[in-house]
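In case you want the letters, here they are:
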There are 2 protein chains.
Amino acid sequence: MKSCSSNTYHLFFRNLANPLRIDIISLLKEKTMSVTELSKKLNLEQSKISHALSSMKNCNVVESKQNGKQRIYSLNKKTITPILKIIDKHKCRFCKEEIK
Amino acid sequence: MKSCSSNTYHLFFRNLANPLRIDIISLLKEKTMSVTELSKKLNLEQSKISHALSSMKNCNVVESKQNGKQRIYSLNKKTITPILKIIDKHKCRFCKEEIK
DNA sequence: AAGATATATGAATAATATTTCATATGAAAT
DNA sequence: ATTTCATATGAAATATTATTCATATATCTT
């Protein structure tokens, strides 16, 4: 299979290089959720969640479907789950940088 | 296998969320290289390459071995290659954001 | 159609990451 | 032990990205 351009890889990783977006992924691994549901679980204001979901959707990391007034978000498990599994196996103990 | 913490995923992705670091990965996919070699190929100043390699090494994305005055960097293919392959298959056409 | 709820969006501000440049370190050669 | 070449590092300047808040849009209910 042909490789993506560097730019594409960069865009993809950039999307995931954010603690909130990772938290959202963790929740969506379990089940699909609406914006308000995510907002409550993470105790963060709605617009912040919406902004995060918006970039993730742009990059096909999540999908959404309308359900009445709500928009239900789901994870693109085909792509995301195997990547996370590879990282689980990766020796991340060498990631020395701290996050406050 | 046990999942990493959100923080660990974040640190890992953050490391790859950078165009220069992706360019370095692309070169190291082919063969191992010294800092100067990378610097010449990418036509960028040495300290920039060194900074980039430094964070990648922290996160175990690359390794280095000393060779005389040179330090030869190699890619952690075990982790990186399969992740890039998954992204190759991912529908990245949805990554709409532009990069200047 | 007016009100209520759910979500999205734009833009200013705040936070974070990268670049640059000067300099330090380290290894080899003379 | 001094010079040279290769690489690393620190810190200020710059660029990029996220957060916030005000507001817009869209759907449902009455």
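Above this text you will find the structure in question.
Cut-offs used in this document
Residues numbered from 1 in each chain as written. Chains lettered and ligands numbered in written order. Predicted model: local features only at pLDDT ≥ 70, side-chain atom pairs only at ≥ 80, totals over all residues. Heavy atoms only, no water. Contact = heavy atoms within 4.5 Å. Buried area = accessible area lost by both parts, 1.4 Å probe. Salt bridge = Lys/Arg side-chain N within 4 Å of Asp/Glu carboxyl O. Polar contact = N/O pair within 3.5 Å; in protein donor to acceptor, adjacent residues only side chain to side chain. Helix = DSSP H or I, 4+ residues; strand = E, 2+ residues; numbered from the N terminus. Nonpolar A, V, L, I, M, F, W, Y, C, P; charged D, E, K, R; others polar. Core = buried A, V, L, I, M, F, W, Y, C linked by side-chain atoms within 4.5 Å. Buried < 20%, exposed > 50% of the residue type's maximum accessible area, 1.4 Å probe, protein only. Pairing = 2+ DSSP bridges. Near = heavy atom within 4 Å. Axes fitted to C-alpha atoms, helices over the stretch in contact; angles between N-to-C directions.

So, the interface of chain B and chain A
The accessible area lost on association of the parts is a frequent measure of interface size.
Consideration 1: Listed as interface residues are 43 residues of chain B and, on the opposing side, 43 residues of chain A.
Consideration 2: Between chain B and chain A, roughly 4300 Å² of surface is buried when both sides are summed, and carbon and sulfur atoms account for 66% of that area.
Consideration 3: It is Phe13, Asp88 and His90 of chain B in chain B that bury the most area against chain A; as a group they hold 15% of the surface buried on that side.
Consideration 4: Scanning the region where chain B abuts chain A turns up zero salt bridges.
Consideration 5: Counting across the interface, chain B meets chain A through 10 residue pairs in polar contact (both at pLDDT 80 or more).
Consideration 6: Secondary-structure elements contributing two or more residues to the side of chain B that touches chain A are α1 (6–16), α2 (19–30), α4 (46–58) and α5 (77–89) of chain B.
Consideration 7: Residue contributions to the side of chain B that touches chain A peak at 11 residues, all from α1 of chain B.
Consideration 8: Grouping the constituent residues of the side of chain B that touches chain A by class yields 20 nonpolar, 14 polar and nine charged.

Examining the nonpolar core
Consideration 1: Phe13 and Val61 of chain A together with Phe13 and Val61 of chain B are the most contacted members of the largest nonpolar core, which totals 58 residues.
Consideration 2: Every residue in contact with valine 61 of chain B, bar those within four places of it in the chain, is listed here: Phe12, Leu16, Ile25, Met56, Ser74, Leu75, Asn76 and Ile80 of chain B.

Some points on the pairing of strand β2 (residues 62–67) of chain B
Residue and element names in this part refer to chain B.
Consideration 1: Of the pairings in the sheet, the one linking β2 to strand β3 (residues 70–75) comprises six bridges and is antiparallel in character. By the bridge assignment, lysine 65 is partnered in β3 with isoleucine 72.
Consideration 2: Following β2, the chain reverses through two residues before pairing antiparallel with β3; glycine 68 in that reversal takes a positive phi of roughly 65 degrees.

Some thoughts on the protein's contact with DNA strand D
Consideration 1: If you check the shell around DNA strand D, you find 21 residues, and the closest are Thr36, Gln46, Ser50, His51 and Tyr73 of chain B.
Consideration 2: At 3.0 Å, a side-chain N or O of serine 47 of chain A approaches a base nitrogen of DNA strand D.
Consideration 3: The separation between a phosphate oxygen of DNA strand D and a polar side-chain atom of serine 50 of chain B is 2.9 Å.
Consideration 4: At the level of secondary structure, the elements contributing two or more residues to the surface near DNA strand D comprise α4 (46–58) of chain A together with α3 (35–42), α4 and β3 of chain B.
Consideration 5: For the surface near DNA strand D, the per-class residue count stands at two nonpolar, 12 polar and seven charged.

Some points on the sheet that holds strand β1 (residues 33–34) of chain B
Residue and element names in this part refer to chain B.
Consideration 1: The three strands lie next to each other as β1-β3-β2, forming an open sheet whose pairing is antiparallel. Every interior strand has two partners, whereas the edge strands, β1 and β2, have only one.
Consideration 2: Judged from the two bridges that link them, β1 and β3 form a sheet pairing that is antiparallel. Across the sheet, methionine 33 pairs through a bridge with tyrosine 73, a residue of β3.
Consideration 3: In this fold α4 packs onto β2 and β3, with an angle of close to 115 degrees to the strand it touches most, β2.

Any functional reading would require information beyond the geometric quantities listed.
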